[in-house]
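Structure assessment
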Amino acid sequence: MKFFIDTANLDQIREAQDLGILDGVTTNPSLMAKEGITGTDQVLAHYKAICDIVDGDVSAEVISTDYEGMLREAEVLAAIDEKIVVKVPMIKDGIKAINFLSQNGVKTNCTLVFTPGQAILAAKAGATYISPFIGRLDDISQNGLELIASMSQIFAIQGYESQILAASVRSPLHIVKCAEIGANVITAPLSAILALLNHPLTDSGLAKFLEDHKKASGQ
Ligand code: G3P
């Protein structure tokens with residue numbers, strides 16, 4: 001399972017890249033706004049800065065909601081760097097755009113997927129990645145992980161080639177469960193990725209090892 005970081009924060013991207021476990025980055029307009037990145041030039045430059053840090057795919061989202069507008073934006077975004085994946089919302093024009101882009105060699109990420117039916121449409125359109133938002137389903141008392149399980153089953157049976165990119169991942173348990181049920185990729189905030197490191201028995205065990213070593217060597 002690939003690990004993507006879900007942020008537009010360059011320091012956090014560098015930290016995850018330095019850890020050696022990073023396979024890519026996802027962003028969205030909200031994450032860009034959170035970093036104070038506004039205006040087309042600034043946005044494009046920021047995507048380039050992200051591409052220069054990370055070894056792997058970088059999702060950059062269109063803000064148009066019509067087919068022609070999405071294709072115009074996709075052309076500009078894809079020209080930034082070969083790592084760019086054009087992120088397109090799960091709407092009717094988005095499916096048309098994904099179909100066109102995939103047939104023309106542009107990598108795509110279909111975002112805002114909340115049902116298996118939406119995922120099937122995105123796979124049929126040829127999306128490179130499909131992003132089910134599991135945390136936002138949990139937020140409304142639906143089990144987001146069940147969507148990942150359903151997609152895994154459908155994609156295996158149907159032989160769909162799109163990668164299941166679990167998004168809106170909020171916790172280390174989400175990450176572990178996604179690995180168990182067959183997500184191809186998770187995208188998560190740095191905090192959820194780093195939380196995988198933690199266990200109190202690791203901390204107390206290490207403290208004891210170091211203490212025993214110190215005693216044995218008469219320090
Ligand atoms: O990748 C989608 C993600 O950014 C949404 O996460 O936590 O805002 O639901 P969240």
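For the structure itself, consult the block above.
Below is a summary of the structure that appears in this document. Quick caveat, the model's predicted, so the values are computed rather than measured.

Conventions used here
Residues numbered from 1 in each chain as written. Predicted model: local features only at pLDDT ≥ 70, side-chain atom pairs only at ≥ 80, totals over all residues. Heavy atoms only, no water. Helix = DSSP H or I, 4+ residues; strand = E, 2+ residues; numbered from the N terminus. Buried < 20%, exposed > 50% of the residue type's maximum accessible area, 1.4 Å probe, protein only. Areas by Shrake-Rupley, 256 points an atom, 1.4 Å probe, with all protein chains shown as cover. Lys, Arg positive; Asp, Glu negative; His and termini not counted. Charge placed at Lys NZ, Arg CZ, Asp CG, Glu CD. Phe/Tyr/Trp six-rings, centres within 6.5 Å; stacked < 30°, edge-to-face > 60°. Lys NZ or Arg CZ within 6 Å of the ring centre and 35° of its normal. Near = heavy atom within 4 Å. Polar contact = N/O pair within 3.5 Å; in protein donor to acceptor, adjacent residues only side chain to side chain. Nonpolar A, V, L, I, M, F, W, Y, C, P; charged D, E, K, R; others polar. Pairing = 2+ DSSP bridges. Axes fitted to C-alpha atoms, helices over the stretch in contact; angles between N-to-C directions. Patch = residues over 30% accessible without salt bridge, like charges linked within 9 Å, V, L, I, M, F, W, Y side chains within 5 Å. Salt bridge = Lys/Arg side-chain N within 4 Å of Asp/Glu carboxyl O.

1. Points about the overall build of the protein chain
- A count of helical and extended segments in the protein chain gives eleven helices and eight strands.
- The principal-axis extent of the C-alpha atoms belonging to the protein chain is close to 75 × 40 × 30 Å.
- When each of the 219 residues of the protein chain is scored for burial, the buried share is 45%.
- Of the roughly 11,100 Å² that the protein chain leaves accessible, carbon and sulfur atoms contribute 54%.
- Side chains of the protein chain carry 17 positive and 26 negative charges; the gap between the two charge centres is 3 Å.

2. Digging into the packing of aromatic side chains
- Tallied over the full model, the rule gives three aromatic pairs.
- Over the ring of tyrosine 67 we find lysine 96; its NZ or CZ atom is 4.6 Å from the centre of that ring.

3. Some points on the site of the ligand
- Lining the immediate environment of the ligand, one finds Asp6, Asn28, Phe133, Arg136, Ala167, Ser168, Arg170 and Thr187.
- Contact between the ligand and asparagine 28: an oxygen atom at 2.9 Å from a side-chain N or O atom of the residue.
- Protein chains shield 81% of the accessible area of the ligand, which is 310 Å² for the free molecule.
- When its residues are assigned to classes, the shell around the ligand shows two nonpolar, three polar and three charged.

4. Quick word on the sheet that holds strand β4 (residues 84-89)
- Spatially, eight strands are ordered β1-β2-β3-β4-β5-β6-β7-β8 in a closed barrel, and the strand pairing comes out parallel. Recorded for the sheet is a direction-independent mean angle of 30° between the axes of neighbouring strands.
- Both β4 and strand β5 (residues 108-113) contribute to a ladder of four bridges, which runs parallel. When the bridges of β5 are listed, valine 86 appears paired with threonine 108.

5. Quick look at a nonpolar patch on the surface
- A grouping of Leu173, Val176 and Leu196 is seen on the molecular surface, where their side chains present a nonpolar patch of about 250 Å² in accessible area.
- The exposure class assigned to leucine 196 is partly exposed, which follows from its relative accessible area of 36%.

In short, shape yes, function no, at least from these values alone.
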